[in-house]
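Examination of the molecular architecture
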Amino acid sequence: MEWDWPFVWQILPTLAEGAKITIIATLLGYLLAVTLGLVFAMMRRSQNGFVSRPTAGFVEFVRGTPLLVQLYFLFYILPEAGITLGPLAAGVIGLGLHYATYTSEVYRAGIDNVPRGQWEAAKACNLSYRQTWRHVVLPQAIMPVIPALANYLIAMFKETPLLSAITVLELMNQARSIANYNYRYVEPITLVGVFFLVISLVAVVGVKYLERRFGSYGKRGRAAT
């Protein structure tokens, strides 16, 4: 087994295209996840059982089924119902929906951590339901959970190779195509591993920074209360 540097330089542009798709899918999927996660968390806290119970059931169903099955459903089964999604769109939606159910639990923990007195104070100030959420609850609930939300960004990034199952030309799919065509697996697969390792390490450093930056926010808020 020999490392072929000329072959590495030859395949780097193709792998770079795959890396770009990987990053795009991760960022779009994460944006969808953190947005829908907050919506799910608020819906689960609704006093209307017709809203909270179906939402809770949907969240538990998605959390209890594999992401790969969900991707197959979106890309291969939905077209039979007349809904056709492109590979990247199906991948982004699949990643976003799957991780939205996890981020919703993070948000819910943050919301539950807001002291009851804050809700009562908002009510005493005649704030509307929307104003209470926007100006009182969410700022206190979201800040302490930012590091936990960032961890899911890393997890989602490392799940993107599953998108190759629905023909998304992300990094792993490009590497596999190169390897199959040239009958050389060491260089492309190793480069993929190095790419994921480097980006994950950079992200971990970012999460550690966020933990130092926001980790004590909740403690300061509770102390002030």
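Refer to the preceding data block for the structure.
Described in the following lines is the structure provided in the data block. (Residues numbered from 1 in each chain as written. Predicted model: local features only at pLDDT ≥ 70, side-chain atom pairs only at ≥ 80, totals over all residues. Heavy atoms only, no water.)

1. Digging into the overall build of the chain
- Scanning the chain from terminus to terminus reveals ten helices and zero strands.
- Ordering the α and β elements of the chain from the N terminus gives α-α-α-α-α-α-α-α-α-α.
- Each of the three principal axes of the chain carries a C-alpha extent, and together these read 70 × 45 × 25 Å.
- Burial analysis of the chain (225 residues in total) assigns 37% to the buried set.
- Considering only intrachain contacts with a sequence separation of at least 6, the fraction spanning at least 24 residues in the chain is 77%. (Helix = DSSP H or I, 4+ residues; strand = E, 2+ residues; numbered from the N terminus. Buried < 20%, exposed > 50% of the residue type's maximum accessible area, 1.4 Å probe, protein only. Contact = heavy atoms within 4.5 Å.)

2. Observations regarding the packing of aromatic side chains
- In total, this model carries eleven aromatic pairs according to the counting rule given.
- Where W5 meets W9, the ring centres are 5.8 Å apart and the plane angle is 25°; that geometry is what we call stacked. In this pair, W5 and W9 both sit in helix 1 (residues 5–44), four residues apart, roughly one turn of the helix.
- By relative accessible area, which is 49% here, W5 ends up partly exposed. (Phe/Tyr/Trp six-rings, centres within 6.5 Å; stacked < 30°, edge-to-face > 60°.)

3. Regarding the environment of F40
- Looking at the secondary structure, you find F40 in helix 1.
- With 64 residues separating them along the chain, F40 and S104 place their C-alpha atoms 5.8 Å apart.
- F40 has contacts with T55, F58, V59, A100 and S104, leaving out every residue within four places of it along the chain.

Worth remembering: the numbers are spatial, not functional.
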